[in-house]
Amino acid sequence: SDASSVAGVSLEWTQLPGGFETQPPAVGLREVATQLATAATAGAVVVHGRTLQMSAPTKLTFAPDTSAEVSLYSNDLLFNFLGSEYQTIHVNENGYACFKSSEYTTASPTIEDHFAAAKGPCFSFYLTDLTFADGADGAGVYVTHLFSGEGPTRRAYATAITYYKARGDGDESGATSTVQAFLEYYTNKTRVVYGALSPALRAVTGPSRGLGVPDDFETTSISSLLTV
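Every value quoted in this text rests on a predicted model; they were computed, and no experiment measured them.

## What about the state of the cysteines?
Part 1 of the reasoning: With the rule as written, the count across this model stands at one disulfide.
Part 2 of the reasoning: What pairs with Cys98 in a disulfide is Cys122, and their sulfur atoms sit 2.0 Å apart. Disulfide Cys98-Cys122: torsion about the S-S bond near 95°, hence right-handed. Of this pair, Cys98 sits in strand 10 (residues 96-98) while Cys122 sits in strand 11 (residues 122-127), and the two are 24 residues apart along the sequence.
Part 3 of the reasoning: Residue Cys122 is classed as buried on the basis of its relative accessible area of 1%.

## Quick notes on the side chain of Asp113
Part 1 of the reasoning: Take Asp113: it is sitting in helix 3 (residues 111-114).
Part 2 of the reasoning: Buried within the structure, Asp113 lacks any salt-bridge partner; its nearest side chain of opposite charge belongs to Lys119, at an N-O separation of 7.0 Å.
Part 3 of the reasoning: Within the local environment of Asp113, its side chain forms a polar contact with the side chain of Tyr104, the two groups lying 2.5 Å apart.
Part 4 of the reasoning: Other than its neighbours up to four places away in sequence, Asp113 contacts Tyr104, Thr106, Ser108 and Lys119.

What counts, and at which threshold
- Residues numbered from 1 in each chain as written.
- Predicted model: local features only at pLDDT ≥ 70, side-chain atom pairs only at ≥ 80, totals over all residues.
- Heavy atoms only, no water.
- Disulfide = S-S within 2.5 Å.
- Helix = DSSP H or I, 4+ residues; strand = E, 2+ residues; numbered from the N terminus.
- Buried < 20%, exposed > 50% of the residue type's maximum accessible area, 1.4 Å probe, protein only.
- Lys, Arg positive; Asp, Glu negative; His and termini not counted.
- Salt bridge = Lys/Arg side-chain N within 4 Å of Asp/Glu carboxyl O.
- Polar contact = N/O pair within 3.5 Å; in protein donor to acceptor, adjacent residues only side chain to side chain.
- Contact = heavy atoms within 4.5 Å.

What follows is the structure, encoded as structure tokens:
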């Protein structure tokens, strides 16, 4: 898709009883909340027009093309993905997260690798070959927990994963890409917000059961969804 048309757009996947792989995501206009990657401490943050409380961002560390296991908010609040509940996720450097541990990883933005059975159930936020230039300008992958309310009424709202100022491996343009994903508790929605994107990159986005490419799957360009 045309990166310039996707920047500033959010895609939201709502889970349905039969799954959501064949359902087009809802499209909205959203801005990346850069504080979820750049803040030095916990505090208030405005996300999608709503004031929330955030934990201090945690920067993940990776060997090239690998995943890091991340705990979700707490043992008693799990994220439901396609009918199963999860306490942890495995965030990969290359723009996706899986709900089960797997030695199989990919940096290839293909439909076959997106749906690969060896990966198990996963969500591609922006699956492509990414690198973070040794952390230059704060580049990295950050995890932040978000809460609504304060005091006795405070409750977990979402876990955010921010791919901040990523570079495409081999992309010599100098352009960076920022993509921010939210796993929302209680609703179990997944929202992905696209900031600045390198026009040199192609990527895959969306959910996967990890059972191989579905027989009825049809590829859709993000650009074709932009009807806002």
